[in-house]
Amino acid sequence: VLLMNMTSGLFYGDTSAQHNIQVFEIDQDLDDNEELYTTDPISAMIPISDVQEVRPSLQNFDVIFDGDTTTTAPSIRVRLDNTLAERIINDTVAVKRDSSFRAFFKGIKVQSETESTSVLPLDARVKTLTDFGNKIILYYTDTVPKFYPFVLGGVRHVNVTSEISGTDFENALDNEVLGDSLLYLQGFGCGDAMIEFPHANFENFGNILVKKAELEITVASLEGNDEELSPIKLLFLFEKDDDDERVLIQDIFAGQSTNLLSTIFGGSLQEELDGNGVVVRRFYTMNITQYFQDLIKENSGEVNKLYLGAAVPELSPERSILCGPGHSQYPMKLNLTYSLPN
């Protein structure tokens, strides 16, 4: 049986959704020093479970074995094939030491598919050796019932495949007007937004002293947008290098280096309240002063592309639908504070 812990605070979307889960044995060595991205697939050799319907429960549950009861954290439980247990029992060399077992059994791939808007909050950390979670537990009877837990350790990796066919996001990609009105962002490497400043050059701004440049972006309020799909809590702005890799803008580095990211750069989800404490809108502000000043100084004549996305896209599936520069009610703003030279 595979037991994997879940963390309720990381559940995203429909908590009652059915997940179709299957477990595979992988044949790929995973190196601690190798970078793996959410778009990198892991090769799988053979399935070691059937596809099983799981509706996650975020309640603690009891494991009963041979009359003893152990209470463990919220988990998903998947029944594995007996053939795996037989291979482990019959290979007496593999179970003698950790190194030989890793060579015998490289790891598992847990695959979940769902038709709902739901992401399982699996917590793959090993908290205590006595905890039943994050282990493969082998139950068998020789002369008496026995069980052996195998800890899930080593490299952990998440691979995400997104389906956007027929969604509003896909429509916005091919529609210049819609794409200018609404911006669609999501973590797990699913979607970023590109922002251009076609007029940010010396010709237009060379005669003023820019003291502060700030982007203000409002979260769109759309009918039918599920409340359970909360917006991204922290956004970053970045450029891309020749290898298409993220390069954070200097305004973010300035905030990180002084441990004052929210004060110097911003990027956190904020709320505007009315006199009764009711939320009027949710929005982000991001300081891009140094970035904007550099655009003016460089005066290259090229239109610079800036990208907007989740600060840690590989860790969060959160999404944000934002008002773009062409939005009718809350257009994206570039707020400038400047002075004229004497």
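Residues numbered from 1 in each chain as written. Predicted model: local features only at pLDDT ≥ 70, side-chain atom pairs only at ≥ 80, totals over all residues. Heavy atoms only, no water.

Chemist: Sorry, what's going on with the pairing of strand 18 (residues 270-273) here?
Modeler: Regular strands have side chains that alternate between both faces of the sheet. Across 4 bridges, the pairing between strand 18 and strand 19 (residues 279-287) is antiparallel. Bridge pairing in strand 19 places Leu-273 opposite Val-279. Here strand 18 folds back onto strand 19 in antiparallel fashion, the turn holding 5 residues, of which Gly-277 has a positive phi close to 80 degrees. (Pairing = 2+ DSSP bridges. Helix = DSSP H or I, 4+ residues; strand = E, 2+ residues; numbered from the N terminus.)

Chemist: Even after reading the chapter, I still don't get the sheet that holds strand 12 (residues 145-151), so can you show me in this structure?
Modeler: Sheet strands pair by backbone hydrogen bonding; their relative direction is either parallel or antiparallel. With antiparallel pairing, the 4 strands of this open sheet are ordered in space as 8-1-11-12. The sheet is open, and its two borders are formed by strand 8 (75-78) and strand 12, each paired with just one other strand. Strand-to-strand twist of the sheet, defined as the mean angle between neighbouring strand axes without regard to direction, takes the value 20 degrees. (Axes fitted to C-alpha atoms, helices over the stretch in contact; angles between N-to-C directions.)

Chemist: Quick question: what am I supposed to make of the pattern of salt bridges here?
Modeler: Pairs can form between side chains of opposite charge once their charged atoms are near each other. Evaluated as defined, the whole model comprises 9 salt bridges. A salt bridge links Lys-106 to Asp-29; its shortest N-O distance comes to 3.0 Å. Note that Lys-106 is positioned in the loop between helix 2 (98-104) and strand 9 (108-113) and Asp-29 in the loop between strand 3 (19-26) and strand 4 (44-47), a separation of 77 residues in sequence. When its relative accessible area of 35% is taken as the criterion, Lys-106 is described as partly exposed. (Salt bridge = Lys/Arg side-chain N within 4 Å of Asp/Glu carboxyl O. Buried < 20%, exposed > 50% of the residue type's maximum accessible area, 1.4 Å probe, protein only.)

Chemist: When you look at the sheet that holds strand 15 (residues 209-218) in this model, what are you seeing that I'm missing?
Modeler: Ordered by their spatial adjacency, 4 strands build an open sheet running 18-19-15-22, and the pairing between neighbours is antiparallel. Strands at the two margins of the open sheet, each flanked by one partner only, are strand 18 and strand 22 (333-339). Strand-to-strand, the axes of this sheet are offset by a mean angle of 35 degrees, without reference to chain direction. Strands in contact with helix 8 (residues 289-298) are strand 15, strand 19 and strand 22; relative to strand 15, the strand with the most contacts, it is inclined by about 120 degrees. (Contact = heavy atoms within 4.5 Å.)

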